[in-house]
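# Understanding the architecture of this molecule
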Amino acid sequence: QVQLVESGGGLVQAGDSLRLACVVSGHTFSRLGMGWFRQAQGREREFVAAISFDGGRTGYADSVKNRFTISRNNAKRTCYLQMDSLKPEDTAVYYCAAHSHPYGSRDAAEFGAWGPGTQVTVSS
């Protein structure tokens, strides 16, 4: 069974940066598509970014394009989300998710395994 654990969240000021990490166990990581999603209080979970099994393809929500970067290190079984120029509206719980298809998806319903989430709070 695939298990995911996120780390790297915290409280920062607007304009600061954070890097989230997601360590995956229980499956051949290099075959999984990976994604990051977030859920703000009182709102639905939304897509943030996704990456293919080999890192060759990435996709981003319009709200984070050119500010966030998703990457992965298959040797370390880890997926990253580098978040720059953070804004108060980026405040949310961030979740890492694994997709059985190597190219992943933007649809949360298609991801079969999720981490417990990590809180990111951006103050103005």
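Everything below is about the structure printed above this text.
Report follows, based on the coordinates. (Residues numbered from 1 in each chain as written. Predicted model: local features only at pLDDT ≥ 70, side-chain atom pairs only at ≥ 80, totals over all residues. Heavy atoms only, no water.)

## Brief notes about the pattern of salt bridges
Within this structure, the stated rule accounts for four salt bridges. For R38, the salt bridge identified is with D90, shortest N-O distance 2.9 Å. Of this pair, R38 sits in strand 4 (residues 33-39) while D90 sits in the loop between strand 8 (78-83) and strand 9 (92-99), placing them 52 residues apart in sequence. Judged by its relative accessible area of 0%, D90 falls in the buried class. For D62, the salt bridge goes to K65, with nearest N and O atoms at 3.2 Å. Within this structure, R38, E46, R67 and D90 form a network of salt bridges that share partners. (Salt bridge = Lys/Arg side-chain N within 4 Å of Asp/Glu carboxyl O. Helix = DSSP H or I, 4+ residues; strand = E, 2+ residues; numbered from the N terminus. Buried < 20%, exposed > 50% of the residue type's maximum accessible area, 1.4 Å probe, protein only.)

## Some details on the side chain of D90
A distance of 2.8 Å separates the side chain of D90 from the backbone nitrogen of K87, its partner in a polar contact. Dropping the residues within four chain positions of it, D90 is found in contact with R38, R67, F68, S85, V120 and V122. (Polar contact = N/O pair within 3.5 Å; in protein donor to acceptor, adjacent residues only side chain to side chain. Contact = heavy atoms within 4.5 Å.)

## Things to note about the packing of aromatic side chains
On inspection of all chains with the given rule, the structure shows six aromatic pairs. A ring pair is formed by F37 and F111, whose centres lie 5.1 Å apart and whose planes are at 80°; its orientation type is edge-to-face. Separated by 74 residues along the polypeptide, F37 in strand 4 and F111 in the loop between strand 9 and strand 10 (113-114) bring together distant segments of the chain. Residue class for F37 comes out buried when judged on its relative accessible area of 1%. Given the relative accessible area of 5%, F111 is considered buried. Measuring from centroid to centroid gives 6.4 Å for Y95 and W114, while their planes differ by 80°, and the two rings are edge-to-face. You can see Y95 sitting in strand 9 and its partner W114 sitting in strand 10, a full 19 residues away along the chain. Residue Y95 is classed as buried on the basis of its relative accessible area, which comes to 14%. Accessibility expressed as a relative area gives 27% for W114, which makes it partly exposed. A cation over an aromatic ring shows up here: R45 above the ring of Y95, its NZ or CZ 3.9 Å from the ring centre. (Phe/Tyr/Trp six-rings, centres within 6.5 Å; stacked < 30°, edge-to-face > 60°. Lys NZ or Arg CZ within 6 Å of the ring centre and 35° of its normal.)

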